[in-house]
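The residues making up each chain are set out below.
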Amino acid sequence: MPLSARPGLDAVPAYRQGRSAPAGASKLSSNESPHPPLPSVVQVVQERVAGIHRYPDMSAAAVRQALAARHGVDVDEVTVGAGSVEIAAQLIHAVAGAGDEVVFAWRSFEAYPSLVRIAGATPVPVPLDAQHGHDLDAMLAAITPRTRLVFVCNPNNPTGTVVDADALERFVAAVPRDVLVVIDEAYVHFDRTASRGAGIELFRRHPHVAVLHTFSKAYGLAGLRIGYAIAPREIAEAQRKVAVPFGVTDLAQAAALASLAAEEELAIRIDEVVAQRERLYAVLTAAGWPAVPSQANFVWVPSGERTAELDALLHAGGVVARAFPGEGIRISSGSAVDIDRVEAALAAAVSGGDAAHDSGRDSDRDSDLMGVTA
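Calculation rules
- Residues numbered from 1 in each chain as written.
- Predicted model: local features only at pLDDT ≥ 70, side-chain atom pairs only at ≥ 80, totals over all residues.
- Heavy atoms only, no water.
- Helix = DSSP H or I, 4+ residues; strand = E, 2+ residues; numbered from the N terminus.
- Contact = heavy atoms within 4.5 Å.
- Polar contact = N/O pair within 3.5 Å; in protein donor to acceptor, adjacent residues only side chain to side chain.
- Buried < 20%, exposed > 50% of the residue type's maximum accessible area, 1.4 Å probe, protein only.
- Arc of directions from axis to C-beta.
- Pairing = 2+ DSSP bridges.
- Axes fitted to C-alpha atoms, helices over the stretch in contact; angles between N-to-C directions.
- Core = buried A, V, L, I, M, F, W, Y, C linked by side-chain atoms within 4.5 Å.

1. A closer look at the environment of Tyr187
Inspection of the secondary structure assignment puts Tyr187 in the loop between β6 (180-184) and α7 (199-205). Residues Tyr187 and Thr214, spaced 27 residues apart in sequence, show a C-alpha to C-alpha distance of 8.3 Å. When near neighbours in sequence (up to four residues on either side) are disregarded, Tyr187 contacts Asn31, Pro155, Asn157, Lys217, Gln295, Ala296, Asn297 and Phe298. At a separation of 3.0 Å, a polar atom in the side chain of Tyr187 contacts the side chain of Asn31.

2. Let's talk about the environment of Arg117
Note on placement: Arg117 falls in helix α4 (residues 111-118). Given the relative accessible area of 35%, Arg117 is considered partly exposed. Residues Arg117 and Glu278 lie 161 residues apart in sequence; the distance between their C-alpha atoms is 36 Å. With residues up to four places along the chain from it excluded, the contact list for Arg117 reads Arg6, Ala11, Val12 and Pro123.

3. Observations concerning helix α2 (residues 61-71)
Looking at α2, one finds that the buried residues are Val63, Arg64, Leu67, Ala68 and His71. All buried residues of α2 lie within an arc of 130 degrees about the axis, which places them on one face of the element. Set apart from the buried face of α2 by more than 90 degrees, the exposed residues are Gln65 and Ala69. In the core, the buried residues of α2 are packed alongside β2 (78-81), α7, β7 (209-214), β8 (227-230), α8 (233-242) and α9 (250-260). Where α2 terminates, the next one or two residues include Gly72, which has phi positive at roughly 70 degrees.

4. Let's talk about the sheet that holds strand β4 (residues 122-127)
Pairing is mixed across the open sheet formed by seven strands, whose spatial order is β2-β8-β7-β6-β5-β3-β4. At either margin of the open sheet sits one strand with a lone partner, and together these are β2 and β4. In this sheet, adjacent strand axes meet at a mean angle of 25 degrees when their direction is disregarded. Where strand β3 (residues 101-106) and strand β5 (residues 147-153) come together, four bridges link them in parallel fashion.

5. Thoughts on the nonpolar core
Counting 49 residues, the largest nonpolar core has Met139, Val152, Phe171 and Phe215 as the members making the most contacts within it. The element that contributes the greatest number of residues to this core is α9, accounting for six residues. With residues up to four places along the chain from it excluded, the contact list for Phe171 reads Leu136, Met139, Leu140, Val150, Val152 and Val181. Membership of the second largest hydrophobic core comes to 26 residues, among which are Phe109, Leu115, Ala119 and Ala231.

6. Observations regarding unusual backbone geometry
Omega for the bond connecting Trp106 with Arg107 falls within 30 degrees of zero, at 15 degrees, which places this linkage in the cis form. One can find Arg107 in the loop between β3 and α4. Along the chain, Asn157 connects to Pro158 via a cis peptide bond; the corresponding omega equals 25 degrees. With respect to the helices, strands and loops of the structure, Pro158 is situated in the loop between β5 and α6 (165-174). With a phi angle near 55 degrees, Asn31 is a residue other than glycine that sits in the positive phi range. Along the chain, Asn31 turns up in the loop between β1 (26-27) and α1 (39-49). For Asn31, a relative accessible area of 1% translates into the label buried. The phi torsion at Arg225 lies on the positive side, around 60 degrees, for a residue other than glycine. Along the polypeptide, Arg225 turns up in the loop between β7 and β8.

7. Topic: helix α11 (residues 307-316)
Among the residues making up α11, those that are buried are Thr307, Leu310, Asp311, Ala312, Leu313 and Leu314. Phi turns positive, to about 80 degrees, at Gly318, one or two residues after α11.

8. Digging into the pairing of strand β12 (residues 328-332)
Within β12, five of the five residues are buried, leaving the element largely enclosed by the surrounding structure. Judged by which residues are buried, β12 turns out to be covered on both faces: Gly328, Arg330 and Ser332 on one side and Ile329 and Ile331 on the other are all buried. Note that strand β9 (residues 298-301) and β12 share four bridges and pair antiparallel. The partner of Trp300 across the bridge, within β12, is Arg330. The pairing of strand β11 (residues 322-324) with β12 spans three bridges and is antiparallel. By the bridge assignment, Phe324 is partnered in β12 with Gly328. Between β11 and β12, which follow one another and run antiparallel, lie three residues, and Gly326 among them has a positive phi close to 80 degrees.

9. Section: the sheet that holds β12
The antiparallel open sheet is built from three strands, whose spatial order is β9-β12-β11. The two strands at the open ends of the sheet, each matched to only one other strand, are β9 and β11. Direction aside, the axes of adjacent strands within the sheet are offset by 15 degrees on average. Helix α10 (residues 263-286) contacts β9 and β12 of the sheet and is inclined by roughly 25 degrees relative to β9. Each of β9, β11 and β12 is contacted by α11, which is oriented at about 30 degrees to β12, the strand it contacts most.

Written out as structure tokens, the structure is:
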């Protein structure tokens, strides 16, 4: 009998990383920080390089203690992993398996359905509402006796929308206590609303809430892979059992500690990203594209059937974004130069289209644009 993969994996799509960008182009496809690492963080990492022949502290004790002190929780309620993706996987494996269900909004973080299927459970996607936000009533209705976990991505990736505090409080209170509610706050640092539901406060008030954070976005450590969760003690203990041993490197742990010590400096950079996000939204709407107001470090354009067209326009202007065919495009908030390039690409499309129309070459131009592929 020939070798074969585990049954069910054919239904798991491989995670698709944001496209790389050619030299000189703006890579706005992966929600990365546009800023290089802080010098203080680089120095700490460089000092630790000489010790990479040793295994890291598998418990990441120093990082967990720092996070517990920062958030005012018990250190045993803090878990770490190789980025928020591994933390999400830990939480799923800790509570769900074959025959169980995991509910989440859709579209939301692209890894959710794959991680659920890998665990042997069944993903239950619930369509977003008309405002591209979580439809909490529909998500509640989707919960069955088989449901073990519910993800609420807040702010949501890729739409940038947020669930306000009152709505999220009502939702969490209505979810059965044997269902874990995971508030995924990977983009929380970029949120400037006064009404978003705070995951840590919900964790304090409800026994079935876990909160997911990452150092990849606001802290600019995407290449080192470290994220963390604050979860009920019994869930955190289960996470440690399913975590990849030694999954968080010593360099990542050192960089995380250095970043926590430099949060005031990082806050300046976060404010810059937010300012460019607002400018990006204004540029898109001024050009006639239906952008959604965002509280993350990206802007979502629900361009539908025109997604390939917008992707091609950006690509022709030296901008690489994240396209979801037939649905829309997520454009990360980059530097001022990056947003300049987005603006120029859209402006060139408008002027180019007018010129083509005047010369009777509209159809040829559209054909060329649509031929550009991801």
